[in-house]
Amino acid sequence: MTVRLIIARPLPGTVGETRRVAHLFPVRPDHAPPDRMTVYCGEMFGPGVLELPDRPTGMPCVSCLRHSPGPDDAQLPAGER
Ligand SMILES: [Zn+2]
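Now for a quick tour of the structure.

Cut-offs applied
- Residues numbered from 1 in each chain as written.
- Predicted model: local features only at pLDDT ≥ 70, side-chain atom pairs only at ≥ 80, totals over all residues.
- Heavy atoms only, no water.
- Helix = DSSP H or I, 4+ residues; strand = E, 2+ residues; numbered from the N terminus.
- Contact = heavy atoms within 4.5 Å.
- Areas by Shrake-Rupley, 256 points an atom, 1.4 Å probe, with all protein chains shown as cover.
- Donors = N, O, S within 2.8 Å, 3.2 Å for Na, K, Ca; no water.
- Tetrahedral: all angles 85-135°; square planar, octahedral: opposite > 155°, others 65-115°.
- Buried < 20%, exposed > 50% of the residue type's maximum accessible area, 1.4 Å probe, protein only.
- Salt bridge = Lys/Arg side-chain N within 4 Å of Asp/Glu carboxyl O.
- Pairing = 2+ DSSP bridges.

## Digging into the overall build of the chain
Part 1 of the argument: If you tally the helices and strands in the chain, you get one helix and five strands.
Part 2 of the argument: Across the chain, the fraction of contacts at a sequence separation of at least 24, relative to all contacts at a separation of at least 6, is 55%.
Part 3 of the argument: Entry remark: accessible area of the chain is about 5,500 Å², with carbon and sulfur atoms responsible for 54%.

## A look at the coordination of the zinc ion
Part 1 of the argument: Donor atoms from the polypeptide that coordinate the zinc ion comprise His23 (ND1), Cys41 (SG), Cys61 (SG) and Cys64 (SG), at 2.1 to 2.5 Å from the metal.
Part 2 of the argument: Angles of 102 to 116° at the metal separate the four donor atoms of the zinc ion, which places the site in the tetrahedral class.
Part 3 of the argument: As a motif over one chain, the donors of the zinc ion read H-x17-C-x19-C-x2-C.
Part 4 of the argument: Given a relative accessible area of 9%, Cys61 falls into the buried group.

## A look at the pattern of salt bridges
Part 1 of the argument: Within this structure, the stated rule accounts for four salt bridges.
Part 2 of the argument: Its salt-bridge partner being Glu51, residue Arg9 comes within 2.8 Å of it at the nearest N-O pair. A residue pair is termed long-range when its members are at least 10 positions apart, and Arg9 in strand 1 (residues 5-10) and Glu51 in strand 5 (residues 50-51) qualify at 42 residues.
Part 3 of the argument: The salt bridge partner of Arg20 is Glu51, with a shortest N-O separation of 2.7 Å.

## Brief notes about the pairing of strand 2 (residues 23-26)
Part 1 of the argument: Residue alternation in strand 2 divides its side chains into two sets, His23 and Phe25 and Leu24 and Pro26, and both sets are buried.
Part 2 of the argument: Relative to strand 2, strand 1 runs antiparallel, the two being bridged by four bridges. Across the sheet, residue Leu5 finds its bridge partner in strand 2, namely Pro26.

## Notes on the pairing of strand 1
Part 1 of the argument: Here strand 1 runs beside strand 5; their pairing, made up of two bridges, is antiparallel. Within strand 5, the position partnered with Pro10 by the bridge is Leu50.

As structure tokens, then:
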């Protein structure tokens, strides 16, 4: 199964600049917007606090990169199962 990933980072002013890293989360199979998004590193975000850049930008979240699925490892974060 292929998992489509979305890059998102906190909007300016919602966290300190050093925490505005680019997180990863999967597109839900039903494409329904969740009330809260759990990114691969385990952080949770409510509505209206993330920006979805058109292209990769900013410092990546290393923990999200480490926990995101590889080509043969399609898994959702624990909060999205
Ligand atoms: Zn992250």
